[in-house]
There are 2 protein chains.
Amino acid sequence: MRGVVMESAGDVRVEDVADARIHKPTDAVIKLTAACICGSDLWPYRGAQPVDHQMMGHEYVGVVTEVGSDVKSVEPGDFVVGSFCLSDGTCEICTDGYPSRCVNGGFMSGAQAEYARVPLADGTLVKTPGQPDASLIPSLLAASDVLGTGWFGAVAAQAGPGKTVAVVGDGAVGLMAILAARQLGASRIIAMSRHASRQRLAREFGATDIVEERGDAGAEAIRKLTNGLGAHSVVEAVGTQESMMQAIHAARSGGSVGFVGVSHGVEIPGSELFGKEIHLFGGPAPVRLFLPDLIDRIWNHQIDPGKVFDLTLPLERAAEGYKAMDERRAIKVLLQP
Amino acid sequence: MRGVVMESAGDVRVEDVADARIHKPTDAVIKLTAACICGSDLWPYRGAQPVDHQMMGHEYVGVVTEVGSDVKSVEPGDFVVGSFCLSDGTCEICTDGYPSRCVNGGFMSGAQAEYARVPLADGTLVKTPGQPDASLIPSLLAASDVLGTGWFGAVAAQAGPGKTVAVVGDGAVGLMAILAARQLGASRIIAMSRHASRQRLAREFGATDIVEERGDAGAEAIRKLTNGLGAHSVVEAVGTQESMMQAIHAARSGGSVGFVGVSHGVEIPGSELFGKEIHLFGGPAPVRLFLPDLIDRIWNHQIDPGKVFDLTLPLERAAEGYKAMDERRAIKVLLQP
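Computed from a prediction, not measured in an experiment: that's the story for all the values here. (Residues numbered from 1 in each chain as written. Chains lettered and ligands numbered in written order. Predicted model: local features only at pLDDT ≥ 70, side-chain atom pairs only at ≥ 80, totals over all residues. Heavy atoms only, no water.)

> Explain the interface of chain A and chain B to me, and be specific about the residues and the numbers.
Between chain A and chain B, the contact holds 38 residues from the first and 38 residues from the second. Interface area for chain A against chain B, summed over the two sides, is near 3100 Å², with a carbon-plus-sulfur share of 58%. For the interface between chain A and chain B, the tally reads four salt bridges. One can count 14 residue pairs in polar contact (both at pLDDT 80 or more) joining chain A with chain B. (Contact = heavy atoms within 4.5 Å. Buried area = accessible area lost by both parts, 1.4 Å probe. Salt bridge = Lys/Arg side-chain N within 4 Å of Asp/Glu carboxyl O. Polar contact = N/O pair within 3.5 Å; in protein donor to acceptor, adjacent residues only side chain to side chain.)

> Summarise the sheet that holds strand β1 (residues 2–8) of chain A; cite the residues concerned and give the values.
Residue and element names in this part refer to chain A. Spatial ordering of the open sheet is given by β2-β1-β4, a layout of three strands whose pairing is antiparallel. At either margin of the open sheet sits one strand with a lone partner, and together these are β2 (11–16) and β4 (54–55). Bridge count between β1 and β2: six bridges; the pairing is antiparallel. Along β2, the bridge assignment pairs R2 with D16. Each of β1 and β2 touches helix α12 (residues 318–326); the most contacted strand, β2, lies at about 160° to it. (Pairing = 2+ DSSP bridges. Helix = DSSP H or I, 4+ residues; strand = E, 2+ residues; numbered from the N terminus. Axes fitted to C-alpha atoms, helices over the stretch in contact; angles between N-to-C directions.)

> Can you lay out the packing of helix α5 (residues 146–156) of chain A against helix α6 (residues 172–183) of chain A for me, pointing to particular residues and giving the numbers?
Residue and element names in this part refer to chain A. Remark: α5 packs on α6, axes separated minimally by 7 Å, with the N-to-C direction vectors making an angle of 60°. In terms of their interaxial angle, α5 and α6 are classed as oblique. Note on packing geometry: the crossing formed by α5 with α6 is right-handed. Contacts from V146, L147, T149, G150, W151 and A154 in α5 reach A172, V173, M176, A177, L179, A180, A181 and Q183 in α6. A per-class count over the contact of α5 with α6 returns eleven nonpolar, three polar and no charged. (Parallel < 35°, antiparallel > 145°, perpendicular 65-115°, else oblique. Left-handed = near helix turned anticlockwise from the far one by under 90°. Nonpolar A, V, L, I, M, F, W, Y, C, P; charged D, E, K, R; others polar.)

> An account of the nonpolar core is needed here, citing residue identities and associated values.
In summary, soluble globular proteins display a tendency toward joint burial of nonpolar side chains. Grouped together as the largest cluster of nonpolar side chains are 62 residues, with contacts concentrated most on V61, L140, L147, L175, I178 and V308 of chain B. Per-element tally for this core: the top contributor is helix α6 (residues 172–183) of chain B, with eight residues. A domain split of this core shows at least three residues from each of domain 1 (2–145 + 286–336) and domain 2 (148–282) of chain B. Of all hydrophobic cores here, the second largest spans 61 residues; its members include A157, I178, A181 and A285 of chain A. (Core = buried A, V, L, I, M, F, W, Y, C linked by side-chain atoms within 4.5 Å. Buried < 20%, exposed > 50% of the residue type's maximum accessible area, 1.4 Å probe, protein only. Domains from an automatic or database assignment.)

> Hey, could you go over the UniProt feature "domain: Alcohol dehydrogenase-like N-terminal" (unreviewed entry) in chain A for me, with residue numbers and the actual values?
UniProt annotation of "domain: Alcohol dehydrogenase-like N-terminal" (unreviewed entry) refers to residues 25–127 of chain A when read in the numbering used here. Along residues 25–127 of chain A, the helical share is 12% and the strand share 33%, with 19 Å between the first and last C-alpha atoms. (UniProt positions renumbered as here; feature names shortened; annotations may be inferred.)

> With reference to specific residues and values, describe the packing of aromatic side chains.
Taken as a whole and judged by the stated rule, the model has twelve aromatic pairs over all chains. Between F259 of chain A and F274 of chain B the ring centres are 6.0 Å apart and the planes differ by 55°, which places this aromatic pair in the tilted class. Within this pair, whereas F259 of chain A is found in strand β15 (residues 251–259), its partner F274 of chain B is found in helix α10 (residues 270–276), the two belonging to separate chains. A residue is classified by how much of its surface remains accessible, and F274 of chain B, at 10% relative accessible area, is buried. Between F152 of chain B and F281 of chain B the ring centres are 5.3 Å apart and the planes differ by 85°, which places this aromatic pair in the edge-to-face class. Of the two residues, F152 of chain B is situated in helix α5 (residues 146–156) and F281 of chain B in strand β17 (residues 279–282); the sequence distance between them amounts to 129 residues. The exposure class of F152 of chain B is buried, given its relative accessible area of 3%. (Phe/Tyr/Trp six-rings, centres within 6.5 Å; stacked < 30°, edge-to-face > 60°.)

> So what's going on with the UniProt feature "domain: Alcohol dehydrogenase-like C-terminal" (unreviewed entry) in chain A? Which residues, and what values?
In the numbering used here, UniProt assigns the "domain: Alcohol dehydrogenase-like C-terminal" (unreviewed entry) feature to residues 172–282 of chain A. With 45% helix and 27% strand, residues 172–282 of chain A has its two end C-alpha atoms placed 17 Å apart.

> Talk me through the pairing of strand β15 (residues 251–259) of chain B; I want residue IDs and the actual numbers.
Residues and elements named next belong to chain B. Extensive coverage of β15 is indicated by the burial of nine of its nine residues. Relative to β15, strand β14 (residues 231–236) runs parallel, the two sharing five bridges. Note on β15: the bridge partner recorded for V235 is G258. Of the crossover connections in this fold, the one passing from β14 over helix α9 (residues 241–250) to the parallel β15 is right-handed. (Right-handed = clockwise from strand over helix to strand, strands pointing away.)

> Run through the relation of the copies chain A and chain B, naming residues and quoting values.
Once chain A has been moved 0.0 Å along the axis and rotated by 180°, it coincides with chain B to within an RMSD of 0.0 Å. These values place the two chain copies in the arrangement generated by a two-fold rotation axis. The overlap is high: 100% of the interface residues of chain A also sit at the interface in chain B, so the same surface is used on both sides. (Least-squares fit on C-alpha atoms with pLDDT ≥ 70 in both.)

Right, here's the structure in full:
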């Protein structure tokens, strides 16, 4: 079968790779209907993370072709969406509500391909109510990570009715956090963005205000919009020291920061959290928790997160997709196997 | 009137000071029934915080002697307990549930004295159901800060039924967090302490287990007690880098750290919070929120937090009390005006 391999930093190839197959009784194999490139795939692409002949891809939708003998919740022919985090769904951490930290779990890989092996299928995959219309595929694919992660950011920031939500980061995850905040009933949603095309998409997804300033000037602009207090809820969707401090400073006393940007060298001053009584919560999103609800909202055309894909390419041209995202010419790239 | 003044680091005196009186229509004046010395009073005492002829004391119970023209909830003759944080109870931050960050608030001072002025009386004081029996005074006094702060630590750490709670710090606040965790229904409460007398008190307040190791060895000992996972809830009641990291490492994935130790130079690695999906929340305790419930539990003899006072002195001997706490000969000192 064909699959995307990152040979080394910046060197993405589509090659013949070993066929996906069942290794354990809890595995499933799926035929990918669509896959995509994640912002986090750019870390190794840019050399910020080591990589050596690695199969890529952790966001996926497709049709089950084979299941291991222990798999009970899906069967060949089912259309499924899976979380980028693998989870057994039965350990104490999973049942506590944190499947992305499953004690037997891990991260999905190799989903930028024709077929993929999904370990821990029962705890990781969710089947859709039927075979989806082609128009729903991008949105279902988004649920696998980028939507689920933005959704978690909004939930972690305690977005909801009556709340003012600010979102730091106008990448795909930040845009999905805006959509999530809107769905969760937030009264006011402030996108922090200085790119016209992303501002437009932010407004489409539900942003009511745009703040172009960054850092402390951005936080100050948010206080001006909120009676001097700051936002109730701030989603941090970047992962740098600057973006984390921008998020903390944009929050009001007693507010919440939900952070889903993978932390890179971030050090958070305890005295600032203490002094403002900020709730801080984040991590790899427990997408599996949200999937049934997200699939339902997509199936009923309540949300259209698939709009976040602004470039679609055949799998064979994956390298172009990486380049477009690296150069910020594309927000998010969908790959068709 | 007589009051405690810290002239400079280590120099505590009891002097004639200006009488407490009404300055604003929202003030009350109370005659102190009891006051006490806080662990946080030791920061200036030890020279870790500047101090210059400062009136001391922010934990207090007493009888109202005079109220300003705007005060509606208490009147002369009422016995009251007050929060160490002043709050108007009406601003957006107060009504959000964060009175200790009131936009018009501040910190109580001058309560180690015969009388004290309490600003923002309506939002700060709570009257008891009647004149308390003398045996209840220490417990009601504890509610003003040390109990309320320990209680907040346990609430912030999401202590409750089915939860294993670990407490970092065996000072008065840590001990009160143990009492709180017990009251909140925690299944297992692990005190981290290496002092026999404090271990005994910890067990009296509800600790089911004692861990003597500190740092990563302490966290490892807690994992051993919890099926390799760590505690659901950890209260950090010290305020140093070491204690914060001990708390984070003692928590399981998806767990909660409630921190009430005043942060001194603490830097929290974002990657550790992200990697474990730790909920982090803390700050100056919103004691005013808890006071009605705490007073009720004390009034009904459901809890006896007053046991945390292991030395009682007349106000005139306050300097001895500071010395005893500084030398860790006393956990907490009650002063009788």
